[in-house]
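Descriptive analysis of the structure
These are the residues of each chain, in order.
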Amino acid sequence: MASSSRFYALDALRGLAIALMILVNTPGSWQHVYSPLLHASWNGFTFADIVFPAFLFVVGAAMFYALRHASLTPATVQRIVKRGLLLVAIGILLNWFPFTKPVAELRLPGVLQRIGLCYMLAAPLVLLIKVRYIPLLSIALLVLYWMLLLIFGSGQPFSLAGNAVLKLDMLLFGSNHLYQGFGIAFDPEGLLSTLPAVVSVLVGYYVAAKLVQHSAKAGALWLVKFAAVLFIAAWLCSMFWPVNKALWSGSYVLLSSAILLWILALLVWVSDVLAKRALVQPLITYGTNPLFIYILSWLWAVCLSLIPAGNSNLYQFSFELLTTVLAPKQASLLFAMLHVLWFWWLSRLLYQRNIIIRL
């Protein structure tokens, strides 16, 4: 029997994405972080590398419920573009906050910018084609991206210095407007690598569309099987296209999607098959205001770093207090976990008052 209602597990996955994002983004010190909570330096995959694909996946899943009865009219396109541009604008403003950095050095790409661009690209696509063609479209986009990397890359097209993502961003934005954390100017949310990131959104849309055609138990089993197919495809793809978050490689898209589907299958089994909804309710609560909590967590961390305390700032001082009783890595992890709990409490406060903040 098919299910016409929304799967609670999708809402729980969104909350899990928010919780993991805060856990990864707010360590007490970046010099004292357990390796699974750090992104892979280039090729490879860590626990932290599942967070951003999870965001894009749940954007796609939410898109299915928002657009399932919509058509590609001028009014719909206007709403899509408006929402996407607002996300891009908010992302740029967050990069600029507290507005002391010169505009000439402002980083233009970023997480919300990529989500906004992916939304503006993926939403019209799902309105133009039938659900059954989404896998073919996704494969086509990944192949197109792979070819662009090979054609326009130089030397080693999947390397930090030789990839086409860097070349396009340097041409359009210049080095001062890109992320500087790789030793050279290179942005992991580059413009060209947004193309395969759209596939992560399409996977979320496709999965949500397929789940409503199944009962909860059949849906969970389908997720496990589909994830296995994607995992095998990721393994085969990685032989010629390394798993790489910074370039959002095809193998990375397939691997992250497979892991997310296995996680979702577990959540479906717990919340929708066993009906143990109380076990996932904290995650559902966490996911009710994802954009607001993301923005608030960013502003919170920046503001703490601006408040003088001790010999540094309140962010660093709070971490150093924990190091008086714990080893630095343990203190850094506890610091991040306390932030996860703090923002869950704020999410619960909004949830209890039925306050939903949307663009």
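Going by the structure above, here's the rest.
First things first, this report covers the structure right here in the doc. Note that this is a predicted model, so its numbers are computed, not measured.

Rules and cut-offs
- Residues numbered from 1 in each chain as written.
- Predicted model: local features only at pLDDT ≥ 70, side-chain atom pairs only at ≥ 80, totals over all residues.
- Heavy atoms only, no water.
- Helix = DSSP H or I, 4+ residues; strand = E, 2+ residues; numbered from the N terminus.
- Rg over C-alpha atoms; globule rule 2.2 N^0.38 Å.
- Buried < 20%, exposed > 50% of the residue type's maximum accessible area, 1.4 Å probe, protein only.
- Contact = heavy atoms within 4.5 Å.
- Areas by Shrake-Rupley, 256 points an atom, 1.4 Å probe, with all protein chains shown as cover.
- Lys, Arg positive; Asp, Glu negative; His and termini not counted.
- Charge placed at Lys NZ, Arg CZ, Asp CG, Glu CD.
- Phe/Tyr/Trp six-rings, centres within 6.5 Å; stacked < 30°, edge-to-face > 60°.
- Lys NZ or Arg CZ within 6 Å of the ring centre and 35° of its normal.
- Core = buried A, V, L, I, M, F, W, Y, C linked by side-chain atoms within 4.5 Å.
- Polar contact = N/O pair within 3.5 Å; in protein donor to acceptor, adjacent residues only side chain to side chain.

**Description of the overall build of the chain**
For the chain, the helix and strand inventory stands at 13 helices and two strands. For 359 residues, the compact-globule formula gives about 21 Å, and the C-alpha radius of gyration of the chain, at 20 Å, lands near that figure. Per-residue burial for the chain yields a buried fraction of 51% across its 359 residues. When contacts within the chain are restricted to residue pairs at least 6 apart in sequence, those whose partners lie at least 24 apart make up 73%. In the form shown here, the chain has an accessible surface area of approximately 16800 Å², with 69% of it arising from carbon and sulfur atoms. Counting 22 positive and 8 negative side-chain charges, the chain places the averaged centre of each group 15 Å from the other.

**Here's the deal with the packing of aromatic side chains**
Taken as a whole and judged by the stated rule, the model has 25 aromatic pairs. With a centroid separation of 6.3 Å and an interplanar angle of 50°, the aromatic rings of tyrosine 294 and tryptophan 298 are classed as tilted. Linking tyrosine 294 with tryptophan 298, this pair stays in helix 11 (residues 290-306), spanning four residues, or about one helical turn. Given the relative accessible area of 5%, tyrosine 294 is considered buried. Sitting over the face of the ring of tyrosine 119, arginine 83 holds its NZ or CZ atom 5.3 Å from the ring centroid.

**Regarding the nonpolar core**
Counting residues in hydrophobic clusters, the biggest one holds 109 residues, and the most contacted among them are Phe57, Val207 and Leu264. No other element matches helix 7 (residues 194-211), which puts 13 residues into this core. In this structure, valine 207 is in contact with Phe57, Trp222, Leu223, Phe226, Leu261 and Leu264, ignoring residues within four places of it in sequence.

**A short note on the environment of serine 154**
Mapping serine 154 onto the fold places it in the loop between helix 5 (134-152) and helix 6 (164-172). Measuring from C-alpha to C-alpha, the distance between serine 154 and methionine 170 comes to 14 Å, with 16 residues separating the pair along the chain. Dropping the residues within four chain positions of it, serine 154 is found in contact with Gly162 and Lys167. Here the side chain of serine 154 touches lysine 167 through a polar contact of 3.4 Å, side chain to side chain.

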